[in-house]
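# Structural overview
The chain contents come next:
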Amino acid sequence: MFDNELESFKNGIDLRAYAAEQGYLLDRKESWRGCAVMRHANGDKIVIKRDWDNHYVYFSVRQDNDNGSIIDFVQNRQRLSLGAVRKELRPYIGMPASQLPAFAPLPKTSKERMRVETEYAKMQDAVRHPYLEDERALPASLLSEERFAGRIRTDARGNAVFPHFDQEGVCGFEIKNKGFTGFSSGGTKGLWLSHERLDDNRLVFSESAIDALSHAVLFPDEHARYASIGGKPNPVQPELIRAAIARMPEKSTIVSAMDADDDGGKLAEVVRRAVNLTGRADLTYALQEPFGFKDWNDELRGKRKQTLPFRPEEPSVA
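Throughout what follows, the structure given in this document is the object of discussion. (Residues numbered from 1 in each chain as written. Predicted model: local features only at pLDDT ≥ 70, side-chain atom pairs only at ≥ 80, totals over all residues. Heavy atoms only, no water.)

### Quick look at the pairing of strand 15 (residues 284–287)
Going by this rule: One bridge is not enough; two strands pair if DSSP finds at least two bridges between them. What counts as a helix is a DSSP run of H or I of at least four residues, what counts as a strand is a run of E of at least two, and both are numbered from the N terminus.
The sheet contact formed by strand 14 (residues 253–256) and strand 15 spans 4 bridges and is parallel. Bridged to S256 within strand 15 is L287. By the bridge criterion, 2 bridges tie strand 15 to strand 16 (residues 316–317) in an arrangement that is antiparallel. Bridging from a neighbouring strand, L287 pairs with S316 of strand 16.

### Let's talk about the side chain of S184
Counted only if it meets this: For every residue, the accessible area (1.4 Å probe, protein chains only) is compared with the maximum for its type, and the residue is labelled buried under 20%, exposed over 50%, or partly exposed between those bounds. Pairs of residues are marked as contacts when any of their non-hydrogen atoms sit within 4.5 Å.
If you trace the backbone, S184 turns up in the loop between strand 10 (180–183) and strand 11 (192–193). Accessibility expressed as a relative area gives 6% for S184, which makes it buried. Non-local contacts of S184, meaning those with residues more than four positions away in its chain, are made with V116, G172, F173 and I175.

### Examining the packing of helix 1 (residues 4–12) against helix 4 (residues 82–89)
Packed helices, taken two at a time, are described by the angle between their axes plus the distance between the axes. As a reminder, the rule being used: In this description, a line fitted to the C-alpha atoms serves as the axis of each element, helices being fitted only across the stretch in contact, and the angle between N-to-C directions of two axes falls anywhere from 0 to 180 degrees. Should an angle lie under 35 degrees it is considered roughly parallel, over 145 roughly antiparallel, and from 65 to 115 roughly perpendicular; all remaining angles are considered oblique. Left-handed describes a crossing whose near helix is turned anticlockwise from the far helix through less than a right angle; right-handed describes the clockwise counterpart. Under the scheme applied here, ten amino acids are nonpolar (Ala, Val, Leu, Ile, Met, Phe, Trp, Tyr, Cys and Pro), four are charged (Asp, Glu, Lys and Arg), and all others, including Gly, are polar.
Two numbers describe how helix 1 lies on helix 4: the axes approach to 11 Å, and their chain directions differ by 55°. As judged from the angle between their axes, helix 1 and helix 4 are oblique. Here helix 1 runs over helix 4; the crossing is left-handed. Note on element contacts: helix 4 touches helix 1 through L82, R86 and L89, opposite E5, L6 and F9. Classifying every residue of the contact of helix 1 with helix 4 by side-chain character gives 4 nonpolar, no polar and 2 charged.

### Here we look at the nonpolar core
This is how the line gets drawn: To form a nonpolar core, buried Ala, Val, Leu, Ile, Met, Phe, Trp, Tyr and Cys residues must be joined to one another through side-chain atoms within 4.5 Å.
With 29 residues, the main nonpolar core has L191, L203, F205, I241, I245, I254 and V271 as its most contacted residues. At the level of elements, helix 5 (111–121), strand 8 (160–166), strand 9 (169–177), strand 12 (202–206), helix 9 (237–246) and helix 10 (262–277) are the ones that each hand at least two residues to this core. Per-element tally for this core: the top contributor is helix 10, with 6 residues. Setting aside residues no more than four positions away along its own chain, F205 makes contact with L191, A227, I241, A244, I245, I254, V255, S256, A257, M258 and V271.

### So, the side chain of T253
One can find T253 in strand 14. Residues in contact with T253, not counting those within four places in the same chain, are N201, R202, L203, T284 and A286.

### A word on the sheet that holds strand 15
The strand order across the open sheet formed by 6 strands is 11-13-12-14-15-16, and the pairing between neighbours is mixed. Each edge of the open sheet is held by one strand with a lone partner, namely strand 11 and strand 16. For strand 12 and strand 14, the ladder comprises 4 bridges, and the chain directions are parallel. Opposite F205, over in strand 14, you have S256 as the bridge partner. Against the sheet, helix 8 (residues 209–218) makes contact with strand 11, strand 12 and strand 13 (224–228), and its axis sits at roughly 155° relative to strand 13, the strand it touches most. With respect to the sheet, helix 10 is in contact with strand 12, strand 14 and strand 15, its orientation differing from that of strand 15 by roughly 175°.

### Notes on the packing of helix 3 (residues 70–78) against helix 4
Put simply, helix 3 and helix 4 touch, their axes get as near as 10 Å, and they point 110° apart. Between helix 3 and helix 4, the crossing angle belongs to the class labelled roughly perpendicular. Crossing geometry of helix 3 relative to helix 4 is assigned as right-handed. Taking contact as the criterion, the partners of I70, I71, V74, Q75 and Q78 in helix 3 are, on helix 4, L82, V85, E88 and L89.

### Overview of the pairing of strand 3 (residues 45–50)
Two faces make up the sheet, and in a regular strand the side chains alternate between them. The element strand 3 is extensively covered by neighbouring structure, given that 6 of its 6 residues are classed as buried. Neither face of strand 3 is exposed, since K45, V47 and K49 on one face and I46, I48 and R50 on the opposite face are all buried. The sheet contact formed by strand 2 (residues 36–39) and strand 3 spans 4 bridges and is antiparallel. Note that in strand 3 the partner of A36 across the bridge is I48. The turn linking strand 2 back onto strand 3 is made up of 5 residues, and G43 within it adopts a positive phi angle of 100°. In terms of strand pairing, strand 3 meets strand 4 (residues 56–60) through 5 bridges, oriented antiparallel. Residue pairing in the sheet places I46 in a bridge with S60 of strand 4. The antiparallel hairpin formed by strand 3 and strand 4 contains 5 residues in its connecting segment, where N54 sits at a positive phi of about 80°.

### Notes on helix 5
Buried residues of helix 5: R113, M114, V116, E117, T118, Y120 and A121, and no others. Taken together, the buried residues of helix 5 touch strand 3, strand 4, strand 7 (153–154), strand 8 and strand 9.

### Focus: the environment of Q237
The residue Q237 is located in helix 9 in this model. For Q237 and F148, which are 89 residues apart along the polypeptide, the C-alpha to C-alpha distance reads 21 Å. In this structure, Q237 is in contact with K189, G190, L191, I229 and K232, ignoring residues within four places of it in sequence.

Keep in mind these numbers describe shape, not what the thing actually does.
Next comes the structure, spelled out in structure tokens:
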């Protein structure tokens with residue numbers, strides 16, 4: 001039997017606002033357009049979204065069985081009967097917006113995307129990772145940099161995970177380990193992105209996240225942000241590339257740092273076209289390729305084996 005009152009609770013009360021009233025604070029660094037991450041002083045971390053049927057839903061990162069609608073949220077925290085939950089939530093229906101914490105509209109999320117985001121949110125940041133450090137020669141000091149905070153994670157199997165973003169947030173993630181490369185089931189490719197700073201003046205595009213991180217080791221630059229495509233681009237990625245370029249501050253340099261092969265050349269052309277599509281004459285496009293190696297991680301590992309100093313070469317301006 002359909003219950004109009006329960007339905008009004010689920011889609012008429014912004015769970016973010018209710019959670020804020022219960023002491024939860026929005027984590028702006030981990031949240032994005034279609035996903036709100038909130039934390040409580042007691043250590044609880046919840047992720048709030050709006051599902052395909054317009055309900056506000058949540059899940060707790062700490063407990064797999066702590067999830068559902070606002071009704072479940074109240075019952076799991078206050079141990080109330082359904083009748084008591086009705087009394088608790090009735091005052092929030094029709095409450096003036098000025099009396100509640102304000103949040104931007106939360107768009108609906110498909111079941112597939114919600115599954116991807118739920119899985120990703122439960123992973124831990126990889127401030128240390130044996131595979132990345134030992135097999136890929138990426139130093140722990142790089143993995144723990146603020147520039148890459150939350151952009152390299154570890155799943156329950158110990159794999160290294162690199163999230164891809166589109167206009168709404170996390171849309172999928174690459175999975176890497178020794179002898180294994182995969183992508184999240186039900187996810188789609190966007191762009192792997194480092195964090196952005198207002199004083200950045202360089203954006204480096206690479207084929208993979210590991211190549212982008214390798215480039216950051218080979219050519220340290222405090223004012224560079226990084227992005228990777230994850231191989232052959234799908235139909236939505238060119239626009240994501242253009243948008244990432246368009247966000248760069250005035251007089252920035254856009255570096256195409258792809259593999260030294262035919263496919264890398266094709267990807268470099270995608271980046272060059274995206275620069276032109278921004279219509280910004282202040283941007284400079286530059287091309288850079290690994291020296292004597294196929295990709296940047298090969299070069300990084302090769303330099304480590306040879307214990308030779310890294311070459312301080314600048315990309316060529318096209």
